[in-house]
Amino acid sequence: MYILTEQKHWKGRVDSTTNKSSFRFHQKVTRMAINDIRNFTAKNAALVGFICDEGVRRNQGRIGAANGPNALREALSSLPWLFDDQQQIIDMGNILCLNHALEEAQRELAEVIGAALQKNLQCVVLGGGHETVYGHYLGVRAALPKQAKIGIINIDAHFDLRSYHEQPSSGTMFRQILEQDSFVSYFVVGIQRYGNTKELFEKAKDLQVKYVLEDDITLNQQQLMADLQHYMDQHDYVLLTLCMDVLNAAFAPGVSAPSPFGLEPATVRAIIQKVTSHPHTHSFDISEVNPLLDENGRTVKLGAYFVYEALNNLLKE
């Protein structure tokens, strides 16, 4: 179900009501339904929330990520507005997953994302469980020519290549995509040696998945950046997705599956900067922010900063 965001999620500190250089996020974001959005010529961005953790539940994870989208909005609200005066960030609202109908919710998310991209908006999706990315992909595919080459870059501790024959979940999305679309390739950054079975490593090889282990990033981040550049240059469209469980649990405790050996925030930030600065990248999603499991709001605040980092680069001319 598609609904508009409530104004209560965009409130915060007000330093001035007239001096634009003192404005904060909540003073500039515009709430608008997708049917009311016109075509844009300059770089502007849309936010859409995916209030769903049904995929996490099916994957036997710890639910609560459905609270992530509005928590991220609230964390963004008081951050300073640093964009150009003419640039806009439009909050297009939320997709709600009702009655465990994950597949229907993913299709609804795809419709909103596809419409936003076709109106020349950069798109940022606030998840939700990582099943968010399947709806994100469907929306991107709908907005592109059928044979356009899509490169998916996933910052994640897990491959998410499990079988979906019984039912899709938050652990199946990339296998679904790769087996259904021959014009997509998959590059996952941050894989945990101890977080994936041998079967998943074998499936990644079968599906020609490019991946970088967490400890290899720590040893050679410069090589990773070169590999990302080469990968992005080879695709017509780049979709970036971030699963917050890729981070070390000390920095991001509020996730379904915390990673003791996860990445540090500065590393994830550098990857986001690199990918969202590429001219082929027009959309980003963040998933697995679980406020119910968060300690002192650390994961939510960090997630909001990652969203801001993505927006900052997506909106650069």
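**Quick look at the side chain of Asn248**
Then, in step 1: Counting through the fold element by element, Asn248 comes out in the loop between strand S9 (237-243) and helix H10 (265-276).
Then, in step 2: Given the relative accessible area of 19%, Asn248 is considered buried.
Then, in step 3: Beyond its immediate chain neighbours, meaning those up to four positions away, Asn248 contacts Ser259, Pro260, Gly262 and Leu263.

**Concerning the pairing of strand S4 (residues 89-96)**
Regular strands have side chains that alternate between both faces of the sheet.
Then, in step 1: A large share of S4 lies buried, amounting to 8 of its 8 residues.
Then, in step 2: As judged from the 2 bridges shared by strand S2 (residues 30-31) and S4, these two strands associate in the parallel manner. Bridged to Thr30 within S4 is Ile90.
Then, in step 3: Taken together, the 6 bridges between strand S3 (residues 44-51) and S4 define a ladder with parallel strand orientation. Paired with Ala46 across the strands is Ile90, a residue of S4.

**Brief notes about helix H4 (residues 102-118)**
Then, in step 1: For H4, with 17 residues, the first-to-last C-alpha span of 24 Å sits near the 24 Å given by 1.5 Å per residue.
Then, in step 2: Residues of H4 that are buried include every one of Leu102, Ala105, Gln106, Leu109, Ala110, Val112, Ile113, Gly114, Ala115, Ala116 and Leu117, and no others.

**Topic: the side chain of Ser169**
Then, in step 1: Take Ser169: it is sitting in the loop between strand S6 (150-155) and helix H6 (173-180).
Then, in step 2: Of note is the side chain of Ser169, whose polar atom sits 3.0 Å from the backbone nitrogen of Gly171.
Then, in step 3: Leave out the neighbours within four places in its chain, and Ser169 touches Gly55, Arg58, Asn59 and Glu131.

**Considerations on the packing of aromatic side chains**
Then, in step 1: Inspection of the entire model under this criterion finds 13 aromatic pairs.
Then, in step 2: Ring centres of Trp10 and Phe25 lie 6.1 Å apart, and the angle between their planes is 15°; this geometry places the pair in the stacked category. One end of the pair, Trp10, is in the loop between strand S1 (2-3) and helix H1 (25-28); the other, Phe25, is in helix H1, and 15 residues separate them in sequence.
Then, in step 3: Looking at Phe25, the relative accessible area reads 0%, which means it is buried.
Then, in step 4: Judged by centre distance (5.1 Å) and plane angle (85°), the ring pair of Phe159 and Phe201 falls under edge-to-face. Remark: Phe201 occurs in helix H7 (residues 198-206) and Phe159 occurs in the loop between S6 and H6; sequence separation between them is 42 residues.
Then, in step 5: Given the relative accessible area of 0%, Phe159 is considered buried.
Then, in step 6: Geometry around Phe187 places Lys210 over its ring, the cationic atom sitting 5.2 Å from the centre.

**With respect to the nonpolar core**
Then, in step 1: Ranked by size, the top nonpolar core spans 53 residues in total, and within it Phe25, Ile89, Leu228, Leu242, Met244 and Phe284 carry the most contacts.
Then, in step 2: For this core, the element with the highest residue contribution is helix H11 (residues 298-314), accounting for 9 residues.
Then, in step 3: The residues contacting Ile89, other than those within four sequence positions of it, are Phe25, Lys28, Val29, Thr30, Ala45, Leu47, Trp81, Phe83, Leu311 and Leu315.
Then, in step 4: Val140, Ile152, Tyr186 and Leu213 belong to the second largest nonpolar core, which has 45 residues in total.

**Let's talk about unusual backbone geometry**
Then, in step 1: Going from Gly127 to Gly128, the amide bond is cis rather than trans, its omega being 20°.
Then, in step 2: Relative to the assigned elements, Gly128 resides in the loop between strand S5 (121-127) and helix H5 (132-143).

**With respect to the pairing of S9**
Then, in step 1: Buried residues dominate S9, accounting for 7 of its 7 residues.
Then, in step 2: Side chains Tyr237, Leu239, Thr241 and Cys243 project from S9 onto one buried face, and the interleaved Val238, Leu240 and Leu242 project onto a second face that is buried too.
Then, in step 3: Across 6 bridges, S9 lies against strand S10 (residues 281-287) in parallel orientation. The partner of Thr241 across the bridge, within S10, is Asp285.
Then, in step 4: Where the polypeptide runs from S9 across H10 and back to S10, its parallel neighbour, the crossover connection is right-handed.

Thresholds applied
- Residues numbered from 1 in each chain as written.
- Predicted model: local features only at pLDDT ≥ 70, side-chain atom pairs only at ≥ 80, totals over all residues.
- Heavy atoms only, no water.
- Helix = DSSP H or I, 4+ residues; strand = E, 2+ residues; numbered from the N terminus.
- Buried < 20%, exposed > 50% of the residue type's maximum accessible area, 1.4 Å probe, protein only.
- Contact = heavy atoms within 4.5 Å.
- Pairing = 2+ DSSP bridges.
- Expected span 1.5 Å × (residues − 1).
- Polar contact = N/O pair within 3.5 Å; in protein donor to acceptor, adjacent residues only side chain to side chain.
- Phe/Tyr/Trp six-rings, centres within 6.5 Å; stacked < 30°, edge-to-face > 60°.
- Lys NZ or Arg CZ within 6 Å of the ring centre and 35° of its normal.
- Core = buried A, V, L, I, M, F, W, Y, C linked by side-chain atoms within 4.5 Å.
- Right-handed = clockwise from strand over helix to strand, strands pointing away.

That's the geometry; what it means functionally is another story.
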